[in-house]
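Observations on the three-dimensional arrangement
Take a look at the letters that make up each chain.
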Amino acid sequence: MPTPESELFKSQKPKVAPTFNGVDYDDTKAFKQAEDAIIREQWVDAMKTRLVGEELGKCYMREGVNHLENCGQLREKYLQLLATNKVKGTKFLQQNYIDKKDEELDLAAKVHTSDKIARLNQAATMLCIRCCRAAISRRQILPLARQFSASAQTRTAEPKLSTPVTSASDAAGAATKPAVPRSICPEGTVLSGLNFTKGGQDPVAMKDEEYPEWLWSCLDVMKSSADAADENAGDEFSKSKKQRRLAAKRQKTLEAKLLAEGNLEALAPKVPLQHQSVNLPGEVGGSVQQNIEAADKREELRKAMRKERKAKIKEANYLKSM
């Protein structure tokens, strides 16, 4: 006798049929429920195949050399389930009709592609008729001739100014003019398809003032100019031809700038810092300022030595690649 189903089990049983027949794809909630039901049924069938395979393995171990005769029924069942019960997803079922009956069910539920095209055409026709009627109602009859005033112009003692004076009421009216909306969705518009929580509702558009200011500029692309490029761009010993060209261009630009300024001493060859035989500043019991200066000099020397080592390594690698 089968075990009776409890109320908890009945409440947790799926209530949506595992099929896309009669489902409107524009209804996101119904579409996702049908998709989940199909995936769930596919996994249930896959687990059935797994259980039959486990029983087949036990039968092979139990029967030994007689497994060809005694386990034939399980073997045929397992091979049949392997061919049919696979987790294939829902893409193929969404885009194709397996049987003619499936297409007839969609036609009966009026969710077929032909029904959607007909609704779109009807909406476009209604829109065109509505636009025409609105244009006709707003059309004004233009006068045949320009109308001139027959009354003579009265002279006033107030002189006419070239720059019109704006009154306080006009300024207040100009200040109260509504600003151009920054969002294409007016307040209260339901943003369909943006809900990603189970059982939730689609969000509703708010006023432009209620959104943070960074939202309106998050898609702006900031391109750095060529002048803001790194001063150390390029390397004369790089394997990349582009990097060597950048290094040569940077050196020529620097020399031209120094010549234009008349600074010929800067163009004279100098002994690098790491090759100079000078004592570093700093002494025992010195002041804080002297210790800071000594630390800066040591850091400068360390960077110069490191830069020289990196240049030698790159030069050696470049010569090896030739």
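Above this text is the structure in question.
Read on for an overview of the structure. (Residues numbered from 1 in each chain as written. Predicted model: local features only at pLDDT ≥ 70, side-chain atom pairs only at ≥ 80, totals over all residues. Heavy atoms only, no water.)

**Things to note about the packing of aromatic side chains**
Evaluated as defined, the whole model comprises 2 aromatic pairs. Aromatic pair Tyr211 and Trp216: ring centres 5.9 Å apart, planes at 85°, arrangement edge-to-face. (Phe/Tyr/Trp six-rings, centres within 6.5 Å; stacked < 30°, edge-to-face > 60°.)

**A few points about the pattern of salt bridges**
If you walk through the whole model with that rule in mind, you get 6 salt bridges. With a closest N to O distance of 2.6 Å, Arg302 and Glu299 form a salt bridge. You can see Arg302 and its partner Glu299 sitting in helix H10 (residues 288–321), 3 residues apart, about one turn around the helix. On the accessibility criterion, Glu299 (33% relative accessible area) is partly exposed. The residue Lys312 makes a salt bridge to Glu308 at a minimum N-O spacing of 3.7 Å. You can see Lys312 and its partner Glu308 sitting in helix H10, 4 residues apart, about one turn around the helix. (Salt bridge = Lys/Arg side-chain N within 4 Å of Asp/Glu carboxyl O. Helix = DSSP H or I, 4+ residues; strand = E, 2+ residues; numbered from the N terminus. Buried < 20%, exposed > 50% of the residue type's maximum accessible area, 1.4 Å probe, protein only.)

**Some remarks on the layout of surface pockets**
Any empty space left between atoms is shown by rolling a water-sized probe over those atoms. The computed volume of the second largest pocket comes to approximately 610 Å³. Lining the second largest pocket are 19 residues, with Lys29, Lys32, Gln33, Lys198 and Gly199 sitting closest to its centre. In terms of residue class, the lining of the second largest pocket is built from 4 nonpolar, 8 polar and 7 charged. (1 Å grid on protein atoms, 1.4 Å probe; cavity = no way out; pocket = protein on both sides within 12 Å on 5 of 7 lines; lining within 4 Å. Points joined across faces, edges and corners; volume = space filled by probe spheres on them. Nonpolar A, V, L, I, M, F, W, Y, C, P; charged D, E, K, R; others polar.)

**Describing the side chain of Asn85**
Secondary-structure assignment places Asn85 in the loop between helix H4 (72–84) and helix H5 (91–95). Classification of Asn85 by relative accessible area gives buried; the value is 16%. Within the local environment of Asn85, its side chain forms a polar contact with the side chain of Thr84, the two groups lying 3.3 Å apart. When neighbours within four sequence positions are excluded, Asn85 is seen to be in contact with Asp45, Ala46 and Thr49. (Polar contact = N/O pair within 3.5 Å; in protein donor to acceptor, adjacent residues only side chain to side chain. Contact = heavy atoms within 4.5 Å.)

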